[in-house]
Structure formats: C-alpha cells, structure tokens
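For reference, the chains in residue letters:
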Amino acid sequence: MHIADLDGGNLGANGIVGGGMGMAIGAALTQKIKKTDKIVVCFFGDGAVNEGTFHETLNMASIWKLPVIFYSINNMYGISTPISSVINIDYNYRRAASYGIPGHFIEDGNDLMAVYNKFEEIVKYVREGNGPVLVESITYRYLGHSTSDPGKYRTKEEVDEWKKKDPILRFEQYLLDNKLVTKKDIEAIEKASEDAVEESVKFALSSPEPTLESAFEDIFAP
Ligand SMILES: Cc1ncc(C[n+]2csc(CCOP(=O)(O)OP(=O)(O)O)c2C)c(N)n1
Ligand SMILES: [Mg+2]
C-alpha cells in the first residue's frame, strides 16, 4: 500500500482514508501557479466519500478551478460496510453537481478500454483549464480489505461472479482478438512482471533496517 514513485509522478498512497485528497489539490495548485500543463488524478475508495476532506477539497478545487480529477473507485464496500448503507443516493458521482463541476460515471470499471476512452475525454477537459471533475467507476476486490478481513459480509457466489469480469483477463482477450499481441507476448509480460516483483522482494529483504535518525529526516520544524 505504501508505495510512491515521485519521478513517475506518483505522490504515494495514504493510510488515512481520504488523506490523499488534500495533497492532490496542493499538487494541482502547484501546477496551476507554475503554469505547467500537468494535471492530478486523485484515487480513493468508496469508504472515503463521507470524509470531511472529500467535501472540502472538491469545493476548494472547484472555486479555484484546479486541474484535478477526483476518481472514486466504488467496489461497493468500505472494508465490510456496504456503500448503500452509508449514502442515500445511488451513486457518488452525482454529488459533483453540488460543487458546480461535471460528474462522470463509468458503469463497468473493469472494462479497461471504457475507462481509457472516458479518461481521454476528461483529461482533455481538465488540461484545457476548465477546473476539476469527479469520476466514479464500479469495480470489485476479490480478496479481503486486509488479511484480517474474513469476508463474511458477502457470498462466495458474489465474489465468483465478479471474477468472471476480471479486467486483466478481459483486456488480454481484447488484445488477442485485435491481433495486437500473441500468447507468447503475454507470457513474456507475465514473466517480466513476476521477475520484477521477486527482485523487489529480494532487494527489500536484503536491505538494512532504517536507522532511528532517519525518522527525523525531511521534517519541517520552524
Ligand atoms: C480517517 C480514517 N478513518 C478510518 C480508517 C480505518 N479504515 C481503514 S480502511 C477503511 C475503509 C476503506 O474503504 P475503501 O476505501 O472503500 O476500501 P476497500 O474496503 O474497498 O478496500 C477504514 C474506515 C482510516 N484508515 N482512516
Ligand atoms: Mg471500497
């Protein structure tokens, strides 16, 4: 979970639900002030949509017309809590109206090309300086929220149904059907991914423990 890749433009994930939203609009304000043509995409789960920061950041991004896409990943559960029990409307993207910004819905968030095409249109809109957008897509997670999640809030049948809509397998089929890759290419990609993970694990396990002093690095104290 706690990954970041600053060189690649990934500011990192956050253990505080909704914690990335304030950082996202800060990053978007930087782009606006510096007049770069960069935009920010802020990903968050359905569990974050009733946090105060959701409302505060969407409102501020709207009045300041910040170049940010708020991407609400609705897998229908915040840990074990069904989304329908905590919001009284069908979909969260409709809330965009209350901030005076566009709201977009991607019903099949497991259709990679549907997400890609929708984002192409939205990215263009945001990059042209029109301000923020709220997007919501529907998807699922097969495993528990964490290793301590026994998954008693949903049935095995429900999970199995969603596994049939797996976005990776469907995209693989799309690429094969359109003759963009061969089975061999796919095997090579899978092998390269597995090797990269193995190498990373080896690197992590063979790295020294961080020193106590490093806990005080990069801290701002006036
Ligand atoms: C501010 C805050 N409140 C509560 C928690 C405890 N918590 C961790 S994850 C989570 C729900 C997350 O829901 P969602 O983003 O939908 O994740 P999913 O269960 O789909 O993986 C909560 C309440 C937290 N980490 N931060
Ligand atoms: Mg969720």
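Residues numbered from 1 in each chain as written. Chains lettered and ligands numbered in written order. Predicted model: local features only at pLDDT ≥ 70, side-chain atom pairs only at ≥ 80, totals over all residues. Heavy atoms only, no water.

Draft legend 1. A look at the coordination of the magnesium ion (ligand 2). In the first shell of the magnesium ion (ligand 2), the protein supplies Asp46 (OD), Asn75 (OD1) and Tyr77 (O), at 2.1 to 2.2 Å from the metal. Along the chain, the residues that donate to the magnesium ion (ligand 2) are spaced as D-x28-N-x1-Y. Taking relative accessible area as the criterion, Asn75 reaches 13% and is therefore assigned buried. Classification of Tyr77 as buried rests on a relative accessible area of 11%. (Donors = N, O, S within 2.8 Å, 3.2 Å for Na, K, Ca; no water. Buried < 20%, exposed > 50% of the residue type's maximum accessible area, 1.4 Å probe, protein only.)

Draft legend 2. View of the packing of helix α1 (residues 19-34) against helix α2 (residues 52-63). Across the interface, α1 lies against α2 with an axial gap of 9 Å and an inter-helix angle of 15°. One finds that α1 runs roughly parallel with respect to α2. Handedness of the crossing formed by α1 with α2: left-handed. Judged by residue contacts, Met21, Gly22 and Ile25 of α1 engage Thr53, Phe54, Thr57, Met60 and Ala61 from α2. Among the residues forming the contact of α1 with α2, the class breakdown is five nonpolar, three polar and no charged. (Axes fitted to C-alpha atoms, helices over the stretch in contact; angles between N-to-C directions. Helix = DSSP H or I, 4+ residues; strand = E, 2+ residues; numbered from the N terminus. Parallel < 35°, antiparallel > 145°, perpendicular 65-115°, else oblique. Left-handed = near helix turned anticlockwise from the far one by under 90°. Contact = heavy atoms within 4.5 Å. Nonpolar A, V, L, I, M, F, W, Y, C, P; charged D, E, K, R; others polar.)

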